[in-house]
Amino acid sequence: MLNCIQSNRITVPMKLSPPPPVLDSARVVAYAYVDDIAYRRCGKLFVDGILLEKVPRLAVALNLGMDLGAMLLHCDSDWNVLGVSGTPTVAATKTKAEENYPGVGARWIDIDTSVDAALAFYDAQHNNAKCSFCGKRPFEVESLVKGHGANICERCIDQFHGELHKPD
Ligand SMILES: [Zn+2]
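Residues numbered from 1 in each chain as written. Predicted model: local features only at pLDDT ≥ 70, side-chain atom pairs only at ≥ 80, totals over all residues.

**Concerning the overall build of the protein**
Here is step 1: Scanning the protein from N- to C-terminus turns up 3 helices and 12 strands.
Here is step 2: Here the protein has a C-alpha radius of gyration of 20 Å; the compact-globule value for 168 residues is 15 Å, and the former is much larger.
Here is step 3: Dimensions of the protein, computed from C-alpha atoms along their principal axes, come out at roughly 75 × 30 × 30 Å.
Here is step 4: Looking at the protein residue by residue over its 168 residues, the buried ones come to 21%.
Here is step 5: Of the contacts made within the protein by residues no fewer than 6 positions apart, 48% connect residues no fewer than 24 positions apart. (Helix = DSSP H or I, 4+ residues; strand = E, 2+ residues; numbered from the N terminus. Rg over C-alpha atoms; globule rule 2.2 N^0.38 Å. Buried ≥ 20, exposed ≤ 12 C-beta atoms within 10 Å, placed from the backbone. Contact = placed C-beta atoms within 7 Å.)

Have a look at this one:
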C-alpha cells in the first residue's frame, strides 16, 4: 500500500508497513494508519505526565499475559508504542478511538493472529527466554535472572529460598 506525503512541494512516496503481530507483549488484532486524520483533542492521554497528542499509527491489541481488556496502542510510524489507553472490548476501544481520530472507524484493518502464533513470535523476539524451572515467559514474571544456559524467575527464587530455609 502506498501513501504520499507532501514535503517542499515534492511528493515523496511513503511505504506503509503493517505492525508486527505482537507489540509490547500484546497480540495485535487491528491497526490503522491515521497520519492524515484531522485530530480532535477529546480524550486526553498522559504518558509519564506528558500529554500525548496525535500519533500516525493506532493498534488495538490484547495483552498476552494478564487480561487488561482491549488496549489502544498509540504508535509512531515504526510501530513503537508511545502510549496505551483502552476499554474492556475491541469494539468499544475502536469506538473510543473515534473521539480523537474521527473517521478511523472506516480504516481499521483487522488481523487474525492466533494466540499460539503470537506467542511463537514473542518467543522468537525474546530468544525463547523462559524460566527454566516453571516455564514462565518474561511477560508473566516480574524479573527473569539469566544464567549460563538457564534462567530463573523471582517466584522460583522465592520458592527455593523458602525450601532452603525451612525450619526442620
Ligand atoms: Zn519460575
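That was the structure; now back to the text.
**Overview of the nonpolar core**
Here is step 1: Counting 24 residues, the largest nonpolar core has L23, V28, L58, A59, V60, A61 and L73 as the members making the most contacts within it.
Here is step 2: Here the element with the most residues in this core is strand β4 (residues 26-33); it accounts for 6 residues. (Core = buried A, V, L, I, M, F, W, Y, C linked by C-beta atoms within 7 Å.)

**Topic: the pairing of strand β8 (residues 70-75)**
Here is step 1: Most of β8 sits inside the fold, with 6 of its 6 residues counted as buried.
Here is step 2: In this structure, strand β7 (residues 57-63) lies alongside β8, joined through 6 bridges in antiparallel fashion. By the bridge assignment for β8, A61 is matched with M71.
Here is step 3: Linking two consecutive strands that pair antiparallel, namely β7 and β8, is a turn of 6 residues; a positive phi of about 75° is found at G69 within it.
Here is step 4: The antiparallel pairing of β8 with strand β9 (residues 81-87) creates a hairpin that spans 5 residues between the two strands, and W79 there sits at a positive phi of about 65°. (Pairing = 2+ DSSP bridges.)

**Some points on helix α1 (residues 90-100)**
Here is step 1: Listed as buried for α1 are V90, T93, K94, A97 and N100. Down the axis, α1 shows its buried residues gathered within 105° of arc, on one side only. In α1, those exposed residues whose orientation departs by more than 90 degrees from the buried face are A91 and E99.
Here is step 2: In this structure, the buried residues of α1 make contact with β4, β7, β8 and β9. (Arc of directions from axis to C-beta.)

**A look at the domain arrangement of the protein**
Here is step 1: Split into domains, the protein comes out as domain 1 (19-117) and domain 2 (128-164).
Here is step 2: Distance between the C-alpha centres of domain 1 and domain 2: 31 Å. (Domains from an automatic or database assignment.)

**Structural notes on the pairing of β9**
Here is step 1: Across 6 bridges, β8 lies against β9 in antiparallel orientation. Note on β9: the bridge partner recorded for A70 is T87.

**Brief notes about unusual backbone geometry**
Here is step 1: Phi at D48 takes a positive value of approximately 50°, unusual for a residue other than glycine.
Here is step 2: Tracing the chain through its elements places D48 in the loop between β5 (45-47) and β6 (50-52).
Here is step 3: By C-beta crowding, D48 is classed as exposed, having 6 other C-beta atoms within 10 Å.
Here is step 4: Non-glycine residue W79 carries a positive phi angle of around 65°.

**A look at the environment of A124**
Here is step 1: Note on placement: A124 falls in helix α2 (residues 115-125).
Here is step 2: In this structure the C-alpha to C-alpha distance between A124 and W79, which are 45 residues apart in sequence, comes to 18 Å.

**Regarding the environment of V90**
Here is step 1: Within the fold, V90 resides in helix α1.
Here is step 2: Take V90: there are 20 C-beta atoms within 10 Å of it, and that puts it in the buried class.
Here is step 3: A sequence separation of 50 residues divides V90 from R40, and the C-alpha atoms of the two residues are 21 Å apart.
Here is step 4: Apart from the residues within four sequence positions on either side, V90 is in contact with V29, A30, V60 and A70.

**Details of the confidence of the model for the protein**
Here is step 1: Predicted confidence across the protein gives a mean pLDDT of 90, with 92% of residues reaching 70 or more.
Here is step 2: Across the protein, the element-wise mean pLDDT spans from 50 in strand β1 (residues 2-7) up to 97 in β4. (pLDDT = per-residue confidence, 0-100.)

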